[in-house]
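# Summary of the model geometry
What follows is the residue order along each chain.
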Amino acid sequence: MPTPILMPALSPTMEEGTLARWLKKEGDAVEAGDVLAEIETDKATMEYEAVDEGRLGKILVSDGTEGVKVNQAIAILLTEGEDDSALDAAVQAAQSGESAGASGVIPAPGDAPTGQSPPPQAATPPPAAAAPEPDAPEDDEPVYDKTRRQSVREALRDAMAEEMRRDEAVFLMGEEVAQYEGAYKVSQGLLAEFGDKRVVDTPITEMGFAGLGVGAAFGGLRPIVEFMTFNFSMQAIDHVINSAAKTLYMAGGKMGCPIVFRGPNGAAARVGAQHSQCYASWYAHVPGLKVVAPWSAADAKGLLKAAIRDPNPVVVLENEILYGQTFDVPEAEDFVLPIGKAKVERKGDGVTIVAFSRMVGVALEAAKTLSAEGIEAEVINLRSLRPLDTATILRSVRKTNRLVTVEEGWPVAGIGAEIGQVVMEQAFDWLDAPVTRVTGADVPMPYAANLEALALPTADRVAEAARAVCYRSQA
Amino acid sequence: MAATRRARAASSGSKGAPSLDADQLEQLYRDMLLIRRFEEKAGQLYGMGLIGGFCHLYIGQEAVVVGLHALARPGDSIITSYRDHGHMLATGMDPKGVMAELTGRIGGYSRGKGGSMHMFSREVGFYGGHGIVGAQVPLGTGLAFAHKYHEDGGLCFTYLGDGAVNQGQVYESFNMAALWGLPVLYVIENNKYGMGTSVERASAPGDLSQRGAAYGIPGKAINGMNVLDVIEGCAEAVEHVRAGKGPYLLDVKTYRYRGHSMSDPAKYRTKEEVARMRAESDPIDQLKQRLLTDGVFDEARLKDIDRDVKAVVGEAAEFAQHSPEPDPAELWTDVLVEA
Ligand SMILES: Cc1ncc(C[n+]2csc(CCOP(=O)(O)OP(=O)(O)O)c2C)c(N)n1
Ligand SMILES: [Mg+2]
């Protein structure tokens, strides 16, 4: 039986990619290890090597095809003793395998997948295209008529580039930010434009370079310190809190620390307990810090620019899964978002759902489901966690009388706990149901696909919580 | 051939180096080949979506852990980073259990809850599998503290990367290890790169093996592409630590053929560089040639070994695909020990 060659998964979050170029032609002999094709993911162009030997029988996906799903058959390999007569059946099998792939079964080459337990992929996050569109912004959010479609990754890069052009004192520092252009490709093009004085690759020494960044800020610079992920900021948290956050206070206001600590926060996909953690409540706890958590590309651009201009230390919690998602971003020269202001992404009077970062998308998805059942949810994108825009939350709760908070992090002393308390203190009489939290499970992140899926909030769980506070059961 | 001469020296028993008989030499070959084939299979399963997240392959570095493990004794402990599959196989952990952890199944060493970077086996003295660069170094120093405390004669093999060597906690560990004379062997697996950053771009000029000099920790550079060189070169260091003379630091020069993890655009080095290392310095080829030349085994025996190893890896992959996912109730277990 000829072997289908499948579109490979080349990174933890890859779900589809572009088949840039075949390096083998139909009929070519293939040895294990030969480079078959170049595949572009959103992060990199990579070579795809053959694992089996044989002859390339048929190419099913041609050069330059975009959006090729992981595990889709892209070619057929003929192995020893097989000739073209075996091809037709194989092509057919591969193509029906494709639809099986779409319904969640992983076709294993040369190996019937029967009897296999549910595929690990079932838990991978919704594809980039699934980012739900928000409703028209609230009245007090200016309307930007000219926008451009951009990924969160590009928006972050543009924010840094614009601010670096605007202010000579701004520089970027971190692991792999310069030559590699960011481990997650957020700093693409920055080294080329600004040179190695202002885009600085560091050794793997978080404690050292976070402290050095704080010192540089004391010395009049405006550092942007990238943590490859926020998990590694724990190595440096003493400087973020003791050195950056507290200095202004300790100096009686005489010296502050304008610095940005940024990078991806929270769970990516299947990277296990030490690499999947939400630091929102950790940093939001600290007076002397500002903390923002953008969801859309516009959030990312506007908030990062604001963070860089801010005279205080600002923690910018990005999200790896959002990097590749695209949104409309205002083109206006000086588009900056205020830190401390939430955005109502969807209006409704049935229940308030408060979320931040990737969970905004989850909340909007839940709102759609609820709408079909006659519950109109108001979805608030917090954008900023410290300061927290309690006014927007309270205004909404006084209208809907019900509140569900959503976060990826753990429940204990989390963002939802704080919001629940604020609402109890300031809108107790308006509540028709207890404030309910949807959070990450109170356990370290498991690696197994099925357990990871259970550990994170989903649109279903959010919808369920919303029904509960409306005293409704599923329609 | 230089390798041959050095290998002879090894078998003729230079200071502390064990002399190896034919069975032992063949075992070294088998162990390295098992790691190579296992890792190739893991790469394949990753491409099929059966392994998720990060997956750091050890291909190219096999001689380091296999050589050093030949100097270990039962009761010693081992700790390393996320690039840990080779260490687990070398210490005798079951390939099935390792592969099933990679696929996140109940049959895995951590019952599917740890993943590629986080597995442990107290039985063989393997203490992980750690994801935070450099964090295993104080942990390994603590294992050494326990060896000394228990007076059990054991030592801890603490592996770290050339990138990890710049973390502050490494030097805090060096100081305590030297101050308290702890039985710890620090092994830098110097594969020339930490992700996309070469040693030259990350470390101030100087010999990494001398990074402990300020604490009085002796150090030595070792050719890590030849398993016999590793055994011969490291024997003295192991002796030193075992004799209670305190820590020792090895800078073992090696090379990884594959990307840092599965998604690596590989723009930081040339294809020629990788091809040259593979062609000229491959640890498995070198040992194979040497053993064929010396008549330790012949082509037929070689084929048998290949087949055996392939079967072991095939079985592991089968097991890893058919072992079920953990029960959903597992989500809530193992957070605390229930008193
Ligand atoms: C504290 C910390 N910072 C950053 C990372 C991301 N990271 C993972 S591996 C790695 C490179 C490490 O290189 P090296 O120590 O040479 O080990 P190798 O991967 O080459 O075995 C980096 C930067 C991390 N896991 N932990
Ligand atoms: Mg390295």
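Rules used in this analysis
- Residues numbered from 1 in each chain as written.
- Chains lettered and ligands numbered in written order.
- Predicted model: local features only at pLDDT ≥ 70, side-chain atom pairs only at ≥ 80, totals over all residues.
- Heavy atoms only, no water.
- UniProt positions renumbered as here; feature names shortened; annotations may be inferred.
- Helix = DSSP H or I, 4+ residues; strand = E, 2+ residues; numbered from the N terminus.
- Contact = heavy atoms within 4.5 Å.
- Pairing = 2+ DSSP bridges.
- Axes fitted to C-alpha atoms, helices over the stretch in contact; angles between N-to-C directions.
- Donors = N, O, S within 2.8 Å, 3.2 Å for Na, K, Ca; no water.
- Buried < 20%, exposed > 50% of the residue type's maximum accessible area, 1.4 Å probe, protein only.
- Near = heavy atom within 4 Å.
- Polar contact = N/O pair within 3.5 Å; in protein donor to acceptor, adjacent residues only side chain to side chain.

- Naming follows an unreviewed UniProt entry, where chain B appears as Pyruvate dehydrogenase E1 component subunit alpha of Roseospira visakhapatnamensis.
- Annotation of chain B in UniProt includes, under Function (unreviewed entry), the sentence "The pyruvate dehydrogenase complex catalyzes the overall conversion of pyruvate to acetyl-CoA and CO(2). It contains multiple copies of three enzymatic components: pyruvate dehydrogenase (E1), dihydrolipoamide acetyltransferase (E2) and lipoamide dehydrogenase (E3)."
- The record held by UniProt for chain B lists under Cofactor (unreviewed entry) the comment "thiamine diphosphate".

- With an unreviewed UniProt entry as reference, chain A is termed Pyruvate dehydrogenase E1 component subunit beta, source organism Roseospira visakhapatnamensis.
- Its UniProt record gives chain A a comment under Subunit (unreviewed entry), which states: "Heterodimer of an alpha and a beta chain."

### Things to note about the side chain of Ser-396 of chain A
- Examined against the element boundaries, Ser-396 of chain A turns out to sit in helix α10 (residues 390–400).
- Apart from residues lying up to four places away in sequence, Ser-396 of chain A is in contact with Thr-352, Glu-378 and Ile-380 of chain A.

### Some remarks on the sheet that holds strand β1 (residues 77–80) of chain B
Residue and element names in this part refer to chain B.
- Strand order in this open sheet of six strands is β2-β1-β3-β4-β8-β7, and the pairing throughout is parallel. Each edge of the open sheet is held by one strand with a lone partner, namely β2 (126–129) and β7 (219–223). Averaged over all pairs of adjacent strands, the angle between strand axes in this sheet comes to 20 degrees, irrespective of strand direction.
- With six bridges connecting them, strand β4 (residues 184–190) and strand β8 (residues 248–253) associate as parallel partners. Within the sheet, the bridge partner assigned to Glu-189 lies in β8 and is Val-252.
- The sheet contacts of helix α6 (residues 136–150) involve β1, β2, β3 (156–161) and β4, and relative to β3 the element is tilted by about 170 degrees.
- In the packing of helix α9 (residues 227–242) onto the sheet, contacts are made with β3, β4, β7 and β8, and the angle to β7 comes to roughly 160 degrees.

### Considerations on the coordination of the magnesium ion (ligand 2)
Residue and element names in this part refer to chain B.
- Looking at the magnesium ion (ligand 2), one finds its protein donor set to be Asp-162 (OD), Asn-191 (OD1) and Tyr-193 (O), positioned 2.1 Å from the metal centre.
- Here the donor residues for the magnesium ion (ligand 2) map to a single chain with the spacing D-x28-N-x1-Y. Of this pair, Asp-162 sits in the loop between β3 and α7 (168–179) while Asn-191 sits in the loop between β4 and β5 (193–194); the two residues are 29 residues apart in sequence, bridging distant segments of the chain. Summarising the burial analysis for this pair, Asp-162 and Asn-191 share the class buried.

### What about the site of ligand 1?
- Taken together, 22 residues lie around ligand 1, and Glu-206 of chain A together with Tyr-82, Arg-83, Gly-131 and Gly-163 of chain B are the ones closest in.
- Each of chains A and B places residues near ligand 1.
- A distance of 2.8 Å separates an oxygen atom of ligand 1 from a polar atom in the backbone of Gly-163 of chain B.
- His-260 of chain B places a side-chain nitrogen or oxygen 3.4 Å from an oxygen atom of ligand 1.

### With respect to the UniProt feature "domain: Dehydrogenase E1 component" (unreviewed entry) in chain B
- As recorded in UniProt, the sites labelled "domain: Dehydrogenase E1 component" (unreviewed entry) are residues 31–328 of chain B.
- The span residues 31–328 of chain B is 44% helical and 12% strand by assignment, and the distance between its end C-alpha atoms comes to 36 Å.

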